[in-house]
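# Structure assessment
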Amino acid sequence: MSKITITFPDNSTKEFESGITGAKITEGISNSLLRKALSVTVNGEVWDLSRPITNDAAIKINTWDNAEGKSTYWHSSAHLMAEAIEAIFPGTKFGIGPAIENGFYYDIDMGDHSLTSEDLKQLEEKMNELSKRDVPYERREVTWEEAVDYFTKKGDQYKLELLKDLKGKQISMYHQGNFTDLCYGPHISSTGRIKFVKLLSIAGAYWRGSEKNKMLQRIYGITFPTKQELDDYLFRIEEAKRRDHRKLGVELELFLLTPKVGSGLPIWLPKGTVLRENLEKFLREEQRKRGYLPVITPHIGNLELYKTSGHYPYYKESQFAPITMESGEQFLLKPMNCPHHHQIYASKPRSYRDLPIRLAEFGTVYRYEQSGEMNGLTRVRGFTQDDAHIYCAHEQLKDEIKRTVDLTQLVFKTFDMSVTTRLSYRDEKNTEKYGGNTEYWERAQREIKEVADEMGLEYFIGIGEASFYGPKIDFMVKDAIGRTWQLGTVQVDYVMPERFELEYTGADGQKHRPVIIHRAPFGSMERFVGLLIEHYAGEFPLWLAPVQAVILPITDAQIDYAKNLAEQLKIFGFRIELDERNEKIGYKIREHELKKIPYMFIVGEKEREAGTLSVRQHKKGDLGSMSVTDIVEKLKKENSIQSATN
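Residues numbered from 1 in each chain as written. Predicted model: local features only at pLDDT ≥ 70, side-chain atom pairs only at ≥ 80, totals over all residues. Heavy atoms only, no water.

### Concerning the pairing of strand β35 (residues 621-627)
In the case of a regular strand, side chains alternate between the two sheet surfaces. Across 6 bridges, the pairing between strand β34 (residues 612-617) and β35 is antiparallel. Counted as the bridge partner of V615 is G624 from β35. Hairpin remark: β34 followed by β35, antiparallel, with 3 residues in the connecting loop; positive phi at K619, about 75 degrees. (Pairing = 2+ DSSP bridges. Helix = DSSP H or I, 4+ residues; strand = E, 2+ residues; numbered from the N terminus.)

Right, dumping it as structure tokens:
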């Protein structure tokens, strides 16, 4: 039998017989690793441990400690759940059942039956029962015709529809116990490794994400190897409910979502506007220091503008329909700010002496998100990007990327957010998704990697995560309960200068194309604020808090004194409210504590006579009596971004 060479993550190599499995290789390393192994990555693809490796390959053994291992475990759990569903509800039709960031789901068609919480408990019990049989997950490669025949006999139209797109491709099916599914894999070795199960929720989901298709029922679940991990996760779920920005946004009077305006179109209430304006002020000042020029562009643009950029053909399905005028001219709600900025650059001749040009805008854009995908502020149809486009010569590119990365890192440091970095490359197996030529792409991907290495960034590479016009450095923020969100991004673009024929005159007197950097540290103001609410659980640092202090007179006799105090503090720029309602002081204190106001200043007759305030701090309680001068100094020290980050 022929030999193959296996390369391990530490770049060491070893020869094996062709056809050896990941399990055998792992066993040769150690039995303890074999007990932990869930799958194996072979030349970038995640495989079952039992799948034969027949050619030279670079491999990585996946365990619960890495994302690929968890994904394998959870995808296998989705199949176990599907078997339980079929056992309890025979005749159920199955859509797709992928692993997701935390757990898995399966989309199912149960006819007239609507799932209940009691059904979920029954399914959990069945999954535990099936797990204990400890049967193997078995992969079998079949012909397209065999797969069609199987699902035709089973009567599962969803699998047959998926198979239409797979004609001519390799088809694989997986079997465990009494369940067989169309699936590419990978899966863990056997069901017995799935120990602790929790089915979390039921939702509706249009088949294949289209509102034109039938609404299926989606069951979300999660599984863990240990009970402690499950308990910890369920605790985080409860914490997520406590921090949910949709709930806190209402309680703290920050924003409004109403069907009378339209789904996914948030209205910023006065307190939310203060919060958002403080964020914008912070970034505008940092941009001013770094030489950005503020601009403002319209909310709509001529359709031809977006055809030139490529946004309309590439993202047509996620945009609102064009607006057609009587003259036949067509407009589009702005899906991106960059085509407008390119017009500013092109509005007059540019010289190499002008570069770099940094244009910045808090620009509102519009996307037609599916109704089932919208979620509070984190997924909306109208949102504002802290957008900027840097037009530079190629020799300036790496320094400009570094400056944008520095700014983005400053943003996340300011809010004490945990960040990981992804270099987002194009998928070389699906190049029709991207504009521009291969040379430009290879050059841009090489350059962002060089910058990441030179800056000492810890990063991972995401194949297929690039924009259609260029690779990106994406900043993935982990929120307070462990979920990951993509926020800030820095993108290198050689495509748009060609599409818009952007030029500058070089030192040689010749015309050259600039390179464009697209960057947005916050990403979307709506999404960022939504995550910020949850990050702080609504307990914002003083400089961000919409209301920084509330003054509470104990009786009507102190109202005039309280009003005078409020005016004095407002003169210093503090955001002060006066609560002069005829309510007991204990009631008002509890109410403002729930509203998460940083400070309460209580004034009774003793304080009025002494010209002082009794100070309470949120979550810390009574701080004693202070003079107005002391209060002003205290608030001044705390009311800065620097104090919040120290």
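### Re the layout of surface pockets
The computed volume of the second largest pocket comes to approximately 460 Å³. Residue lining of the second largest pocket: E45, L162, D165, L166, K169, Q170, I171, S172, L182, C183, Y184 and R208, and that is the complete set. (1 Å grid on protein atoms, 1.4 Å probe; cavity = no way out; pocket = protein on both sides within 12 Å on 5 of 7 lines; lining within 4 Å. Points joined across faces, edges and corners; volume = space filled by probe spheres on them.)

### Structural notes on the pairing of strand β10 (residues 103-109)
With 7 of 7 residues buried, β10 lies mostly within the body of the structure. Side chains of β10 alternate between two faces, with G103, Y105, D107 and D109 and F104, Y106 and I108 buried alike. As paired elements, strand β8 (residues 93-94) and β10 share 2 bridges and run antiparallel to each other. What sits directly across from F94, in β10, is I108. The sheet contact formed by strand β9 (residues 99-100) and β10 spans 2 bridges and is antiparallel. Bridge assignment links A99 to a residue of β10, and that residue is F104. Taking the residues between adjacent antiparallel strands as the criterion, β9 and β10 are bridged by 2 residues. Relative to strand β15 (residues 215-224), β10 runs antiparallel, the two being bridged by 5 bridges. (Buried < 20%, exposed > 50% of the residue type's maximum accessible area, 1.4 Å probe, protein only.)

### What to know about empty space enclosed by the protein
Scanning the model with the defined rule gives 2 cavities of 30 Å³ or more in all. In this structure, the largest cavity spans a volume of roughly 160 Å³. Taken together, 14 residues line the largest cavity, and the ones lying closest to its centre are L252, K271, P546, K595 and I597. A breakdown of the residues in the lining of the largest cavity according to their chemical character gives 8 nonpolar, 1 polar and 5 charged. For the second largest cavity, the calculated volume is near 40 Å³. Along the walls of the second largest cavity sit Y440, W441, A444, Y469, G470, P471, V492, Y494 and V495, which together make up its complete lining. Considering each element in turn, the lining of the second largest cavity owes the most residues, 3 residues, to helix α14 (residues 438-454). (Nonpolar A, V, L, I, M, F, W, Y, C, P; charged D, E, K, R; others polar.)

### Brief notes about the packing of aromatic side chains
The final tally for this structure, using the stated rule, is 22 aromatic pairs. Aromatic pair F224 and Y233: ring centres 5.7 Å apart, planes at 45 degrees, arrangement tilted. Since its relative accessible area comes to 6%, F224 is described here as buried. The exposure class assigned to Y233 is buried, which follows from its relative accessible area of 9%. Ring centres 5.9 Å apart and planes at 35 degrees place the aromatic pair F415 and W543 in the tilted group. Within this pair, whereas F415 is found in the loop between α13 (397-414) and β24 (418-425), its partner W543 is found in the loop between α16 (525-536) and β31 (549-553), the two being separated by 128 residues in sequence. Both residues of the pair, F415 and W543, belong to the buried class. Among the aromatic residues, ring-to-ring pairing joins W64, Y73, W74, F224 and Y233 into one connected group. Across the ring face of W47, the terminal group of R51 is positioned such that the distance to the ring centre comes to 4.0 Å. (Phe/Tyr/Trp six-rings, centres within 6.5 Å; stacked < 30°, edge-to-face > 60°. Lys NZ or Arg CZ within 6 Å of the ring centre and 35° of its normal.)

### A few points about the nonpolar core
Counting residues in each nonpolar core, the largest one holds 54 residues, and the members touching the most others are L279, I401, F415, F522, F528, F540 and L544. Of all the elements, α16 adds the most residues to this core, at 7 residues. Among residues more than four places away in sequence, those in contact with I401 are I448, V451, I473, V490, V492 and I517. Ranked by size, the runner-up nonpolar core spans 32 residues in total, among them Y73, L80, F94 and M110. (Core = buried A, V, L, I, M, F, W, Y, C linked by side-chain atoms within 4.5 Å. Contact = heavy atoms within 4.5 Å.)

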